[in-house]
Amino acid sequence: MDCEFTGLASDRTIFPFDTPEEVYLKMVENSPPYIIVQFGLCAFRVEPPAEGDQDAQPRVSYKCYNFYCYPKGRTQVFCCQGESMRFLADNGFDFNRLFREGLSYATEAEEQRYRADLKDRQATRAANILAAAESEQNEEVPKAGEPNDVNMIPVPAEHQQQVDDTAASIEEFLQSDRSELIVGSCNAFQRKLIYQMIEQRFQRKVSTSTVSLENNQKAIKVERKRSTKEEQALDEQRRIRENEDLETNVGVSLVLQELAKARKLVIGHNMLLDLFYVLRQFFKPLPADYQEFKKLVKEYFPLLLDTKYLCTNAEIKVNVNSSVLAHVYEAVSKEPFTIPTIHPELPDYQYSVDNEKKHEAGYDAYLTGLCFLGLVSRFNANLLQLPKDPNLKYYLNKIFITRLTDVNYIYLNGKEPAQTREHIFYVTFPESWRTSDIQSRFKPFGPVHVSWLDNTSAFVALHNRIAASSVLKTIGYHTGFKVFNFAQFTQMKLQRPGTKRGRNGSGSAGTGEDAGVRSTEPVGQQPSGEEKGQKEGKKIEHSQTTSSARRKGADGKTTPAANDNNDEDDDDNNGGGWRTVKKARKTFADNNDW
């Protein structure tokens, strides 16, 4: 499966050493109500070879579907991201078809409400038909013009002429041989007055119903009085239409419900965002608890495989240099991979790699299926028993997460492996620094990897983890340069207002990690009281608003990243020795301020 969206959840708040739980919580917290506007589904069928022909390969066929999804109704509201909409337009997305022919959808709660409301309306209507029949048998016909309802609405003077003219038209209709009379050009209040007049004057003579004209305006259809059986037959026809309209309103969600019931292996490429949006748009709101999210995914899709994560396999990486979907297909189209011949079961709706339709959801779903077939050929996987294949078993229900350095997947069947962070340091520095300046400060500790966060902060990961314990003790003093170990950085994150801590405590420092900070304050000075608290607060204060920061390489060039609103350093005039200060407590102004 594959989806196209009106916007993408921002990944600028995701750091290379976040845990999968932190990534999920950030996505829930920072995701505007973007929607899926195109859902692509390509169903592959694998059939065993004919009996007696054991050397033949299984026959593989497919049916491909491309659903446009559009929320209908006045209450439906969604967000659009300018860049995403431009991207869709540049790739030939048919917005006219989306707006005119797009299929509606509903969550489970909305569908239940629709069905309950319709059931109540139909039950009320059936009861009214029976009540009217009993009333005709037991009560006298009211005289014309005689009020028979104490709750009758008084007719305003400005509408009296219209009501009288309608009454005259009905009298004329009853004297004619016409089968019906359409009373139009009325607003909702005027129709209510006319219905009231008809019930008062023509209760035993005519039957009424509401119809829609060509201009979508409501009108009243007047017919000669029907018998109870005729009313019930007409009501049954109306029930059928209403039930069909209900199915139309639920729309694409019915397809997803059937997909969930099938319990089949569902394959996507880099599918975390697809799952995120599919669950939210077609099933239920996303839970704030990470473990509940895993349960929710498995409730609907118990067997998932992400080809992006499958590409991390060591044997596959030898031949697949890039995990971009088009690049994966190019790689698996050659030795040592093989893609079996696949046959379209719907010739009018087939795709072909010779006629690329990149970023059309149906085509991308089709291409994902081809890539999967090519990738599993490397393992000689049995296509008839894919979920039980021992090589694929390791990759089932592991959803790839971009930007993460070590544990780069969500494991739906259990806990992700814990990773130590004592070799990772968070550093802040002057805006003029380059990668080489950071590397030179850490040169005594061996090779390092620098992950830029913005133009004045970064993560530094030591390749030699044994040297990590000596960094804070021996690293030299440099003006405007601060070093924090990962435990302290984690505590700084937890100071943010509204920070959610998962049940697994993934946001907390690991056992035995040093929470100390290397400070640039001279040892000889001993501030006290409020002044001391203010200074300690400044030692870890560093804004990380993500708007237009730049990464800097060794050549001094800059590239856009996330941030240009940083606090001025307060250490330019500090000198002398070092001292370890108590971990400061700091409350930050907003989600990105830390």
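Residues numbered from 1 in each chain as written. Predicted model: local features only at pLDDT ≥ 70, side-chain atom pairs only at ≥ 80, totals over all residues. Heavy atoms only, no water.

> I'd love a proper account of the packing of aromatic side chains, names of residues and values included.
All told, the structure shown has 39 aromatic pairs when counted by the stated rule. Among the aromatic residues, those joined into a cluster by ring pairs are Phe-15, Phe-17, Tyr-426, Phe-459, Phe-484, Phe-486 and Phe-489. In this structure, Arg-280 is placed above the aromatic ring of Tyr-277, and the distance from its NZ or CZ to the ring centre is 4.9 Å. The lysine or arginine in question, Lys-398, covers the ring of Tyr-411, its NZ or CZ lying 5.2 Å from the ring centre. (Phe/Tyr/Trp six-rings, centres within 6.5 Å; stacked < 30°, edge-to-face > 60°. Lys NZ or Arg CZ within 6 Å of the ring centre and 35° of its normal.)

> Residue-level account of the packing of helix H1 (residues 20–30) against helix H9 (residues 272–282), with values.
The interhelical angle for the contact between H1 and H9, taken along N-to-C directions, is 50°, at an axis separation of 12 Å. Classified by the angle their axes make, H1 and H9 are oblique. For H1 against H9, the interelement crossing comes out right-handed. For the pair formed by H1 and H9, the contact residues are Tyr-24, Met-27 and Val-28 on the first element and Leu-272, Leu-273 and Phe-276 on the second. Considered class by class, the residues forming the contact of H1 with H9 number 6 nonpolar, no polar and no charged. (Axes fitted to C-alpha atoms, helices over the stretch in contact; angles between N-to-C directions. Helix = DSSP H or I, 4+ residues; strand = E, 2+ residues; numbered from the N terminus. Parallel < 35°, antiparallel > 145°, perpendicular 65-115°, else oblique. Left-handed = near helix turned anticlockwise from the far one by under 90°. Contact = heavy atoms within 4.5 Å. Nonpolar A, V, L, I, M, F, W, Y, C, P; charged D, E, K, R; others polar.)

> With reference to specific residues and values, describe the environment of Leu-286.
With respect to the helices and strands, the residue Leu-286 is situated in the loop between H9 and helix H10 (290–300). You can call Leu-286 buried: its relative accessible area is 16%. In this structure, the C-alpha to C-alpha distance between Leu-286 and Leu-296, residues 10 residues apart in sequence, is 8.4 Å. The residues touching Leu-286, leaving out its near neighbours within four places in the chain, are Tyr-24, Phe-276, Leu-279, Arg-280 and Phe-293. (Buried < 20%, exposed > 50% of the residue type's maximum accessible area, 1.4 Å probe, protein only.)

> Tell me about H9, residues and numbers included.
Taken across its 11 residues, H9 has 10 buried, putting it largely inside the fold. All buried positions along H9 are accounted for by Leu-272, Leu-273, Asp-274, Leu-275, Phe-276, Tyr-277, Val-278, Leu-279, Gln-281 and Phe-282.

> So what's going on with the side chain of Gln-257? Residues and values would help.
Within the element layout of this structure, Gln-257 appears in helix H8 (residues 252–262). Those residues in contact with Gln-257, other than ones at most four positions away along the chain, are Glu-111, Val-250 and Phe-283.

> Any chance you could break down the nonpolar core for me, citing the residues and the numbers?
If you look at the biggest cluster of nonpolar residues, it comprises 51 residues, and the most contacted ones within it are Phe-39 and Phe-301. Contributions of two or more residues to this core are made by strand E1 (2–5), H1, strand E2 (36–47), strand E3 (59–68), helix H3 (95–101), H8, H9 and H10. No other element matches the 8 residues that H9 contributes to this core. For Phe-39, the residues in contact, after removing those within four places along its chain, are Met-1, Asp-2, Cys-3, Tyr-65, Asn-66, Phe-67, Cys-69, Leu-256, Val-278 and Ala-361. (Core = buried A, V, L, I, M, F, W, Y, C linked by side-chain atoms within 4.5 Å.)

> So what's going on with H1? Which residues, and what values?
Quick reminder: α-helices carry 3.6 residues per turn. Residues three or four places apart thus point the same way. Of all the 11 residues making up H1, 8 are buried; the element is thus mostly covered by neighbouring parts of the structure. All of the buried residues along H1 are Pro-20, Glu-21, Glu-22, Val-23, Tyr-24, Leu-25, Lys-26 and Met-27.

> I'd like to hear about unusual backbone geometry, residue by residue, with values.
With an omega dihedral of 5°, the bond running from Glu-335 to Pro-336 counts as a cis peptide bond. Position of Pro-336 among the secondary structure elements: in the loop between helix H13 (325–332) and strand E9 (342–344). Despite not being glycine, Asn-270 has its phi angle at roughly 55°, a positive value. Topologically, Asn-270 is positioned in the loop between strand E7 (266–268) and H9. Within the chain, Asn-380 stands out as a residue other than glycine whose phi angle is a positive 55°.

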